[in-house]
Amino acid sequence: MKIDHVGIVVGSMAKAIDQWQTYFGYRQATEPVLNTRQKVVVVFLEKPGSLPVKLVEPTGPDSPVAAFARRGGGLHHLCFLCDELEPELDRLKQAGARVLTEPQPGEAFANEKIAFLFAGQGLNIELIDTLTRAGRIGSQRPVED
Ligand SMILES: C[C@@H](C(=O)O)C(=O)SCCNC(=O)CCNC(=O)[C@H](O)C(C)(C)COP(=O)(O)OP(=O)(O)OC[C@H]1O[C@@H](n2cnc3c(N)ncnc32)[C@H](O)[C@@H]1OP(=O)(O)O
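Calculation criteria
- Residues numbered from 1 in each chain as written.
- Predicted model: local features only at pLDDT ≥ 70, side-chain atom pairs only at ≥ 80, totals over all residues.
- Heavy atoms only, no water.
- Helix = DSSP H or I, 4+ residues; strand = E, 2+ residues; numbered from the N terminus.
- Contact = heavy atoms within 4.5 Å.
- Buried < 20%, exposed > 50% of the residue type's maximum accessible area, 1.4 Å probe, protein only.
- Polar contact = N/O pair within 3.5 Å; in protein donor to acceptor, adjacent residues only side chain to side chain.
- Pairing = 2+ DSSP bridges.
- Near = heavy atom within 4 Å.
- Areas by Shrake-Rupley, 256 points an atom, 1.4 Å probe, with all protein chains shown as cover.
- Nonpolar A, V, L, I, M, F, W, Y, C, P; charged D, E, K, R; others polar.
- Salt bridge = Lys/Arg side-chain N within 4 Å of Asp/Glu carboxyl O.

Looking up the protein in an unreviewed UniProt entry gives the name Methylmalonyl-CoA epimerase, with the organism given as Desulfofustis limnaeus.

Enquirer: Explain the environment of A16 to me, please; I cannot follow it from the model alone.
Expert: Among the structural elements, A16 can be located in helix α1 (residues 13-24). Sequence separation between A16 and V56 is 40 residues, and the spatial gap between their C-alpha atoms is 9.9 Å. Excluding its chain neighbours within four sequence positions, the residues that come into contact with A16 are V10 and L55.

Enquirer: Please explain the environment of E57 as it appears in this structure.
Expert: Mapped onto the elements, E57 comes out in strand β5 (residues 53-58). Assessed through its relative accessible area of 19%, E57 is described here as buried. Residues E57 and I8 lie 49 residues apart in sequence; the distance between their C-alpha atoms is 8.6 Å. Within the local environment of E57, its side chain forms a polar contact with the backbone nitrogen of M13, the two atoms lying 3.1 Å apart.

Enquirer: Explanation requested: the pairing of strand β4 (residues 40-46) in the structure shown.
Expert: Counting buried positions along β4 gives six out of seven residues, so the element sits mostly inside the fold. Across two bridges, the pairing between strand β2 (residues 27-28) and β4 is antiparallel. Bridged to Q28 within β4 is L45. Two strands pair when backbone bridges link them, and strand β3 (residues 33-35) and β4 are joined in this way by three bridges, in the antiparallel orientation. Residue pairing for β4: N35 is matched across the bridge by V40. Linkage of β3 to β4, two consecutive antiparallel strands, is achieved through a turn of four residues, within which K39 is found at a positive phi near 55°. In this sheet, β5 lies alongside β4 in antiparallel orientation, the contact comprising six bridges. Looking at the pairing, V40 lines up with P58 of β5.

Enquirer: Hey, could you run me through the site of the ligand in this one?
Expert: Not every one of the 21 residues close to the ligand is listed here, only the nearest: Q38, K54, R71, H76 and E126. Between the ligand and R71 there is a distance of 2.6 Å, counted from an oxygen atom to a side-chain nitrogen or oxygen. Contacts to the ligand include H76, whose side-chain N or O atom sits 2.8 Å from an oxygen atom. Here the ligand, which alone exposes 1100 Å², has 65% of that area covered by the protein. Listing elements by their share of the shell around the ligand, those giving two or more residues are β4, α2 (66-70), β6 (74-82), β8 (114-118) and β9 (124-129). Residues belonging to the shell around the ligand are distributed by class as follows: twelve nonpolar, six polar and three charged.

Enquirer: Even after reading the chapter, I still don't get the pattern of salt bridges, so can you show me in this structure?
Expert: This structure, assessed with the given rule, holds six salt bridges. One salt bridge in this structure joins E86 and K113, with 3.2 Å as the shortest N-O distance. Of this pair, E86 sits in helix α3 (residues 85-94) while K113 sits in the loop between β7 (98-104) and β8; the two residues are 27 residues apart in sequence, bridging distant segments of the chain. Among the residues examined, E86 registers a relative accessible area of 35% and is labelled partly exposed. K113 gets classed as buried once you look at its relative accessible area, which sits at 17%. Ionic pairing is found between E102 and K93, a salt bridge with its closest N-O pair at 3.1 Å. Exposure remark for E102: the relative accessible area of 41% places this residue in the partly exposed category. On the accessibility criterion, K93 (35% relative accessible area) is partly exposed. Where salt bridges share partners, they join E86, K113 and D129 into one cluster.

This is the structure in structure tokens:
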């Protein structure tokens, strides 16, 4: 597995984009994408040689990240790419990780298969199935319902 990005929950997307640009020199790599299943809007930020950052803004109070945003937001998850999601998830379960969301096609961008799990040390981990990966993050498109 390889680290793909870090997910940051934000209360205001516009403000967060501006701050990451001003403070750390990250540029906006994707337009805001609405994910109606996850009830979030997502923007990827990039900086050459640095880990990509995914800003995640809740669309309303029923979003899985709404409470997190209300508490001020911040570091929410670390995302790994893996070759095949289900076997990897089985291995992690056997090893003691607690799976939050089981993989379903179409949960993330461009029908990527993803899962979330708690991995100890307060870590919330997202896994993306490489085979379903959309490719370059700049090519991501909205999820169809
Ligand atoms: C679009 C997409 C993409 O990749 O393309 C995305 O980014 S999707 C991004 C949006 N979707 C997701 O993040 C889906 C998975 N995430 C979630 O469900 C949520 O954001 C949580 C991670 C659970 C955090 O939500 P919230 O702040 O409301 O939780 P909470 O503090 O009330 O905690 C709920 C339960 O989870 C536990 N809990 C929370 N964070 C934990 C952590 N890091 N490690 C271990 N346990 C943890 C709490 O102790 C509690 O357990 P007890 O209940 O036992 O007391």
